[in-house]
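Close look at the chain arrangement
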Amino acid sequence: MAKIYLNGEFVPEEEAKISVFDHGLLYGDGVFEGIRAYDGYVFKLDDHVDRLYRSARAINLEIPFEAGDMKDKILESLRENGFGEAYIRPIITRGKGSLGIDTDSCSDPTVIIISKEWESLYGTELYEEGLKMLTTTFRNQPKEGLPPTVKHMNYLTNVLALMQAKTWGADEALMLDTQGNVSEGSADNIFVYRKGAVYTPPVINNLPGITRGVVLELLEEMGYEVKEEDLGLAEVFTADEVFLSGTAAEVAPVAEIDGRKIGDGEPGELALQVKEKFGKITGTEETGTRIYQST
Ligand code: PXG
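Residues numbered from 1 in each chain as written. Predicted model: local features only at pLDDT ≥ 70, side-chain atom pairs only at ≥ 80, totals over all residues. Heavy atoms only, no water.

Further remarks concern the site of the ligand. Close contacts around the ligand come from 19 residues, with Lys151, Tyr155, Glu184, Thr211 and Thr247 the closest. Residue Arg51 places a side-chain N or O atom 2.8 Å away from an oxygen atom belonging to the ligand. One of the backbone N or O atoms of Ile210 is found 2.8 Å from an oxygen atom in the ligand. Surface burial for the ligand is 90%, taken as the share of its 530 Å² of free accessible area covered by protein chains. Elements that contribute at least two residues to the shell around the ligand include exactly β6 (86–93) and α6 (210–221). For the shell around the ligand, the residue count by class is 7 nonpolar, 7 polar and 5 charged. (Near = heavy atom within 4 Å. Polar contact = N/O pair within 3.5 Å; in protein donor to acceptor, adjacent residues only side chain to side chain. Areas by Shrake-Rupley, 256 points an atom, 1.4 Å probe, with all protein chains shown as cover. Helix = DSSP H or I, 4+ residues; strand = E, 2+ residues; numbered from the N terminus. Nonpolar A, V, L, I, M, F, W, Y, C, P; charged D, E, K, R; others polar.)

Structure representation (structure tokens):
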């Protein structure tokens, strides 16, 4: 049974309970991260913790300790559980308060760190065949409201988007923004390869994915021109390749969108190259933070 970090203590999973008056539950008032550890190294820990603190600042939530302590607690949660290959989910909520939305009633944020042994998001056959996506009718939040650039606890749009995609036989949802520009998947960023150049939407209508950043670096190293530009559905449908990036999905080729084949309807050459390169840099000293001291 995994041990969960909850407000300063490690407790067994069954005892990791929070109040029904927690504003995270009542109003989705909180932020979170999704991090992975590979082969004894936490991948891009600094970047994830930095995004967590920025997300918290964006919703005016003060995490009760420094980023350095957060990193230590994340590593400790893995050591407590003896994990080297894991999914890590830090969650900070506004904490317990009254039934009103007023944050004044919440004195202490709730801090949770869940570590789970890794189970893959999509089956291996999906990576071999490529994912099927469906353009969902649920638009990503406009930046005028809840910013899609912040990893806050209001994921219902994404939940409904994915549910709709799966209802219609697809594996993942393609979300547009309210202008009709392509934004992202329900839990991943999107890349489009067309006529020798790679495109991805600028981070204004999507989450600044840590994997997205890594993929951009890999593509540049590979000598590709990468353009952060608004994209419409037509650009996606006529792409030579489409692929997704995310902590859970890693790099996932897309074979079909809305029943239309992307390229030849097989995982693309570039997507597979990026996926392979990505696999090589995880679980290393260069991109990761070591969980256990070497012996
Ligand atoms: N867009 C959205 C909306 C996301 O939620 C990404 C892109 C990719 O970001 P990273 O930093 O992971 O490259 C995410 C990722 C999961 C999970 O289980 C991940 C997310 C949300 C919910 C679950 O991996 N965020």
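Having seen it, we continue.
So, on to a nonpolar patch on the surface. Judged by side-chain polarity, Val20, Phe21, Leu25, Tyr27, Leu99 and Ile101 come together as a nonpolar surface patch covering roughly 630 Å² of accessible area. Its location among the elements puts Phe21 in the loop between β2 (9–12) and α1 (23–27). Residue Phe21 is classed as partly exposed on the basis of its relative accessible area, which comes to 37%. (Patch = residues over 30% accessible without salt bridge, like charges linked within 9 Å, V, L, I, M, F, W, Y side chains within 5 Å. Salt bridge = Lys/Arg side-chain N within 4 Å of Asp/Glu carboxyl O. Buried < 20%, exposed > 50% of the residue type's maximum accessible area, 1.4 Å probe, protein only.)

Taken as a whole, this structure holds 11 salt bridges when the rule is applied. Between Lys280 and Glu276 there is a salt bridge, and its shortest N-O distance comes to 3.1 Å. Highlighted residues: Lys280 and Glu276, both in helix α8 (residues 269–281), separated by 4 residues, approximately one helical turn. What makes Glu276 partly exposed here is its relative accessible area of 48%.

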